[in-house]
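Single-letter residue listing:
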Amino acid sequence: MTLNSKIPSGDLNAKWETYKSTCKLVNPANKRHLDVIVIGTGLAGASAAASLGEMGYKVKTFCFQDSPRRAHSIAAQGGINAAKNYQNDGDSTYRLFYDTIKGGDYRAREANVHRLAEVSANIIDQCVAQGVPFAREYGGLLSNRSFGGVQVQRTFYAAGQTGQQLLIGAYQALERQVALGNVTQYSRHEMLEVVKIDGKARGIIARNLVTGELERHFGHAVLLCTGGYGNVFYLSTNAMGSNVTAAWKAHKKGAHFGNPCYTQIHPTCIPVSGDHQSKLTLMSESLRNDGRIWVPKAKGDDRKANDIPEEERDYYLERRYPAFGNLVPRDVASRAAKERCDAGYGVGASKQAVYLDYSSAIIRYGKSEANKLGINNPSDAQVKELGKGVVEAKYGNLFEMYEKITGENPYEVPMRIYPAVHYTMGGLWVDYELMTSVEGLYALGEANFSDHGANRLGASALMQGLADGYFVIPYTLGNYLADEIRTKAIPTDHEAFVEAEKSVNDRITKLLSIKGKESVESFHKRLGKIMWNKCGMARNEQGLKEAITEIQALRKEFWENVFVPGSADEYNPELDKAGRVADFLELGELMCIDALNRNESCGGHFREEYQTEEGEAMRQDDKYMYVAAWKYNGESNFELEKEDLNYDVVKPTQRSYK
């Protein structure tokens, strides 16, 4: 079966404008009688809830954190893309669209990506109006910097804490609606089931994480804005609470899961330091603007970085990809770092790291500052001091964070970095309107699969989350709800709610009754090792087949031997974690099945059997130019349905950043 993506007909440039002009509307009096549930209050959820509340809908928002401000969007560092061409360097809506399609290795849907590029400029205006303190040039104009996979400067930023500042803007807009009574906020609540009535999503079962009580909530539509599933790998840059549970419950209720194997490995993370670690820390991609990445030219060179002279350093990204240099896309940079370390050129105690060096940037900026200040023939010490000041203004909090974690001063010695799991391009399959294959159930932001293809370009996650919430869902949800104005609120004693709550309760009871010998955490760690080793930065047929068998065995063991302390009617974080890990144990299998099915390499999906002589990803467009949308038919039983990708404007070619 081929899925209907509901892409409007007509010219690509006009599709979104035509859609907005012709979609159905809900009049203000009717909006007051329509209930919308929003799960997750990160950038996508907070912006959607604020926008829908402002429009007059009755909105309920749910987050498992103690405040919407704790959503993981807050951790985004580097920036947000928009095609404003402030630098006058040739940027345009088309170029942002093209870069995103190419960056995703021609595995994204043209219409969605073009819409994203179109609304990107509006996002910046919206955020500036909210008071988001973007970095500015000397004259007051908003500043831009470069990110990977592009040759223009289009990334707007607020030092190294862009996600935090954008989330505070969306959060304030959300809290305004809470104060006005248009939005009801439920913190410390986790969605554990979707309620379907007559084939449509009509509500959720949520667990109050403080009291353990299960609650039923009705909604004419349900929006999932619950982020990605990178924590299936155990170690990732995600917050430790980030999980797949809401999306997975939707999947088991009929929502197709799109491209689950597309995982983004971020090239600039602080390397793993041992088995005791529970998460990894990202060093923003913005650091690749001015930092140069290198390894020693000699294998096993144990000298300190500063003792290795310039001519004995291999700036391998600049060597292999001269056109883009250190700013190649994330998948390319990550694989290149892995290749150097695997070949014996890695640095640090583990030899699983490469250097990210700021010394030449500090000198370059220092000389420029000296000129500005009219200092003739400045000393080396003066140049260094002035240069450090410029770097600190741009990236200071990132340097501070690195020093706190590693105990090394990155102004004096190069940072050590290595790739780590960061973002998931896969997610619930959605059509052009962001609706999943379950009517009335939507997925926004990282929770859906829609805009990044096989690899996301840096600074595009914040763009997609806010585009979906502020500018897309207000139109597309209205188009659906216009036909629901006669549907009265369904009482939560309806049999569908009763059944859904019973299934949630049964599962919790089962988890608590196993009383095994092994902790939830240890199962999660073991799953993570299987995923990283066999479905991580590189995959192959044999490894994936082994992984599927190993995950099935691990899942069986989990349900026989996990130990969950405490009870269900109290604050019990171990129980919350157990439910999430149980879902990861099912998702992990599907990720490996999807990776095994896709006999090609593209973006973040690198099958070792499909690579060029130079070690680059080798696509098979004639066989795999489609979105893999998986339907759940029972345990270990997934059915593949396809959405063919048709490129009318961009012609797919072998990606080259050389």
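Criteria and cut-off values
- Residues numbered from 1 in each chain as written.
- Predicted model: local features only at pLDDT ≥ 70, side-chain atom pairs only at ≥ 80, totals over all residues.
- Heavy atoms only, no water.
- Phe/Tyr/Trp six-rings, centres within 6.5 Å; stacked < 30°, edge-to-face > 60°.
- Helix = DSSP H or I, 4+ residues; strand = E, 2+ residues; numbered from the N terminus.
- Buried < 20%, exposed > 50% of the residue type's maximum accessible area, 1.4 Å probe, protein only.
- 1 Å grid on protein atoms, 1.4 Å probe; cavity = no way out; pocket = protein on both sides within 12 Å on 5 of 7 lines; lining within 4 Å.
- Points joined across faces, edges and corners; volume = space filled by probe spheres on them.
- Nonpolar A, V, L, I, M, F, W, Y, C, P; charged D, E, K, R; others polar.
- Domains from an automatic or database assignment.
- Contact = heavy atoms within 4.5 Å.
- Buried area = accessible area lost by both parts, 1.4 Å probe.
- Pairing = 2+ DSSP bridges.
- Disulfide = S-S within 2.5 Å.
- Axes fitted to C-alpha atoms, helices over the stretch in contact; angles between N-to-C directions.
- Polar contact = N/O pair within 3.5 Å; in protein donor to acceptor, adjacent residues only side chain to side chain.

Undergrad: Help me understand the packing of aromatic side chains in this model?
TA: Here a ring pair, both rings aromatic, is described through the centre-centre distance and the interplanar angle of the planes. For the coordinates displayed, the defined rule picks out 25 aromatic pairs. Ring centres 6.1 Å apart and planes at 70° place the aromatic pair W16 and Y432 in the edge-to-face group. Separated by 416 residues along the polypeptide, W16 in helix α1 (residues 15-22) and Y432 in the loop between β16 (427-428) and β17 (441-443) bring together distant segments of the chain. The residues W16 and Y432 share a single accessibility class, namely buried. Centre to centre, the rings of Y632 and F638 are 5.8 Å apart; their planes meet at 65°, and the pair counts as edge-to-face.

Undergrad: Is there a simple way to explain empty space enclosed by the protein in this structure?
TA: Any empty space left between the atoms is revealed when a probe the size of a water molecule rolls over them. Summed over the entire model, instances satisfying the criterion amount to five cavities of 30 Å³ or more. Its boundaries defined by the atoms lining it, the largest cavity holds a volume of some 60 Å³. Lining the largest cavity, in full, are T263, Q264, I265, D331, S334, R335, N455, M537, G603 and G604. Mapped by element, the contributors of at least two residues to the lining of the largest cavity are β11 (263-269) and α9 (330-345). Among the residues making up the lining of the largest cavity, the classes are represented as two nonpolar, six polar and two charged. In terms of domain composition, the lining of the largest cavity takes at least three residues from each of domain 1 (266-420) and domain 2 (495-623).

Undergrad: Would you mind going over the domain arrangement of the protein with me for this structure?
TA: A common way to express how large an interface is: the accessible area buried when the components associate. Here the protein is partitioned into domain 1 (266-420) and domain 2 (495-623). With centres defined by C-alpha atoms, the gap from domain 1 to domain 2 works out at 34 Å. Tallying the contact residues gives nine residues for domain 1 and 10 residues for domain 2. Across the domain 1/domain 2 interface, buried area totals approximately 830 Å², and carbon plus sulfur atoms make up 53% of it.

Undergrad: Is there a simple way to think about the pairing of strand β14 (residues 354-357) in this case?
TA: Each regular strand carries side chains that alternate between the two faces of the sheet. Both faces of β14 are covered, namely the face carrying V354 and L356 and the face carrying Y355 and D357. Pairing geometry for strand β12 (residues 292-296) and β14, over three bridges, is antiparallel. Its bridge partner being in β14, I293 is matched across the sheet by L356. Judged from the three bridges that link them, β14 and strand β15 (residues 415-424) form a sheet pairing that is antiparallel. Bridged to V354 within β15 is I417.

Undergrad: Before we go on, may I ask you to explain the state of the cysteines in this structure?
TA: By definition, a disulfide is the covalent link that joins the sulfur atoms of two cysteine residues. The full count for this structure, using the stated rule, is zero disulfides. With no disulfide of its own, C341 has C269 as its nearest cysteine by sulfur position, at a separation of 13 Å.

Undergrad: How should I be thinking about the sheet that holds strand β9 (residues 221-224) in this particular structure?
TA: Through backbone hydrogen bonds, the strands of a sheet pair up, either in parallel or in antiparallel fashion. Overall, parallel pairing links the five strands, which are arranged β5-β2-β1-β9-β17 in an open sheet. The open sheet terminates on both sides in strands that have one partner only, identified here as β5 (183-186) and β17. Each neighbouring strand pair of the sheet contributes to a mean axis angle of 20°, computed without reference to strand direction. Of the strands in this sheet, β1 (35-39), β2 (58-62), β5 and β9 are in contact with helix α3 (residues 43-55), which crosses β2 at around 165°.

Undergrad: I'm lost on the side chain of R207 in this one. Help?
TA: Locating R207 in the fold gives a position in strand β7 (residues 200-208). At 3.4 Å, the side chain of R207 and the backbone oxygen of E570 are in polar contact. Leave out the neighbours within four places in its chain, and R207 touches R188, H189, E190, L192, G212, E213, L214, I508, A568, E570, L575 and D576.

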